[in-house]
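# Observations on the model geometry
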Amino acid sequence: MPEGDSLHRIAVGLRVLVGECLEAESPNPRGRATGVARAVDGRLLEAVDAFGKNLLLRFEGDVVVRSHLRMTGRWRVRRRTAVAWRGSPWLVLRGREWEATQWNGPVLALGDGAARGLGPDLLGPTTEVADIVSRLRRSDQSRLVGEALVDQRLVAGIGNMWLAEVLWHARVSPWSRLGEVTDDALLRTLDWARAEMLASVAGSRRPSRAVYRRAGRGCPRCGEPVRSRGLGDANRTAYWCSKCQPASDSAEREGFEPSTSGLPPVTP
């Protein structure tokens, strides 16, 4: 699933259409059923913003389109041309020189209500990491850090890939309880995540992944095999080095108990 930095990059690309009255259509029947093209056709696009994993396109008349790509959706931008797109995008937006298409949904809707219940966007221009730490401290301190940091109601934008990398960098175990992690460690973790994700938005080359999807390979720091296992009720796969990212015995042992969701555990 695209994470916060990917959505901010998409927003940058779509801003070539800002300031224009756009032609809109939905070749795909599922896209047509959303009513989005009908609502925005001929309207001025005023702004495009990313918030967490959501993309918000703001049109004149307080019309807002929310796009969430989940695992299958994608946006494409190209110069306007007479050559037709192959396939049936959910939404086509055409300006004078550029056109954008949204493919495979799965969330394309009018209104930004669903985004209002989210925590602060980690990449937002006014976001203060210290405020996010305070928000985490007001939540359940018995939660696993690996669950809390991908809870979009607490902090928006972090997904599985960035979770694995930032916790490895900070030497924090995904199996640690929030109450076991110091404010200092949380600040370092989120500061690094924000800086690296913003660099990604800017197009900087990032170092290769240390642990994400590298189960069984050696940790770049100590050589210990990277481990992986489903974490929490959502059974998201966590990747970590048990030597560099130690957790209390009780936390890691409890973390390996079957999830209450009934989903099968992931083999380490």
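All values derive from a computational prediction rather than experimental measurement. (Residues numbered from 1 in each chain as written. Predicted model: local features only at pLDDT ≥ 70, side-chain atom pairs only at ≥ 80, totals over all residues. Heavy atoms only, no water.)

This brings us to the side chain of E20. In this fold, E20 is placed in the loop between α1 (4-14) and β1 (23-25). Among residues more than four places away in sequence, those in contact with E20 are R43, L44, L45, G95 and R96. (Helix = DSSP H or I, 4+ residues; strand = E, 2+ residues; numbered from the N terminus. Contact = heavy atoms within 4.5 Å.)

Before going further, it helps to spend a moment on the packing of helix α6 (residues 160-170) against helix α7 (residues 183-202). To characterise two packed helices, one gives the angle between the axes of the helices and the distance between these axes. The contact between α6 and α7 brings their axes to 9 Å, and the two run at 130 degrees. When the interaxial angle is binned, α6 and α7 end up oblique. Remark: the crossing between α6 and α7 carries right-handed chirality. Here W162, E165, V166, L167, H169 and A170 of α6 lie close against α7, whose contacting residues are R188, T189, W192, A193, E196, M197 and S200. Taken together, the residues that form the contact of α6 with α7 break down as seven nonpolar, three polar and three charged. (Axes fitted to C-alpha atoms, helices over the stretch in contact; angles between N-to-C directions. Parallel < 35°, antiparallel > 145°, perpendicular 65-115°, else oblique. Left-handed = near helix turned anticlockwise from the far one by under 90°. Nonpolar A, V, L, I, M, F, W, Y, C, P; charged D, E, K, R; others polar.)

Inspection of the entire model under this criterion finds 13 salt bridges. Across the pair R153 and D151 runs a salt bridge whose closest N-O atoms are separated by 3.0 Å. Judged by its relative accessible area of 54%, R153 is exposed. We classify D151 as buried; its relative accessible area is 9%. (Salt bridge = Lys/Arg side-chain N within 4 Å of Asp/Glu carboxyl O. Buried < 20%, exposed > 50% of the residue type's maximum accessible area, 1.4 Å probe, protein only.)

Here we have four strands laid out as an open sheet, ordered β1-β6-β7-β5, and antiparallel in their pairing. Edge positions in the open sheet fall to β1 and β5 (74-79), since each of these has one partner strand only. Here the strands of the sheet are splayed against their neighbours by 15 degrees on average, with no regard to which way each runs. In this structure, β1 lies alongside strand β6 (residues 91-94), joined through three bridges in antiparallel fashion. In the strand pairing of β6, E25 is matched with V92. (Pairing = 2+ DSSP bridges.)

This part takes up the packing of aromatic side chains. One pass over the full model with this rule turns up four aromatic pairs. Measuring from centroid to centroid gives 5.8 Å for W85 and W103, while their planes differ by 65 degrees, and the two rings are edge-to-face. With W85 in the loop between β5 and β6 and W103 in strand β7 (residues 98-103), this residue pair connects regions lying 18 residues apart in the sequence. Both residues of the pair, W85 and W103, belong to the buried class. When the ring of W175 is compared with that of W240, the centres are 5.4 Å apart and the planes differ by 70 degrees; the resulting orientation is edge-to-face. Residue W175 is found in the loop between α6 and α7, and its partner W240 is found in strand β10 (residues 236-240); the two are separated by 65 residues along the sequence. Over the aromatic face of W85 sits the side chain of R78, whose NZ or CZ is 3.8 Å from the ring centroid. (Phe/Tyr/Trp six-rings, centres within 6.5 Å; stacked < 30°, edge-to-face > 60°. Lys NZ or Arg CZ within 6 Å of the ring centre and 35° of its normal.)

On to α7. The end-to-end C-alpha separation of α7 is 28 Å, in line with the 28 Å expected for 20 residues at 1.5 Å each. All of the buried residues along α7 are A185, L186, T189, L190, A193, R194, E196, M197, A199 and S200. Those residues of α7 that are buried are in contact with α1, α4 (129-137) and α6. (Expected span 1.5 Å × (residues − 1).)

Tracing the chain through its elements places S176 in the loop between α6 and α7. When the C-alpha atoms of S176 and P246 are compared, they prove to be 8.3 Å apart, with 70 residues separating the residues in sequence. Beyond its immediate sequence surroundings of up to four residues, S176 is in contact with R143, L144, V145, V181, P246 and A247.

A few words on the pairing of strand β9 (residues 227-231). Burial analysis of β9 places four of its five residues in the buried class, which makes it a mostly covered element. Where β9 lies against β10, five bridges are found, and the strand directions are antiparallel. Bridging from a neighbouring strand, S228 pairs with Y239 of β10. What sits between the antiparallel neighbours β9 and β10 is a turn of four residues, in which G232 has the positive phi angle 75 degrees.

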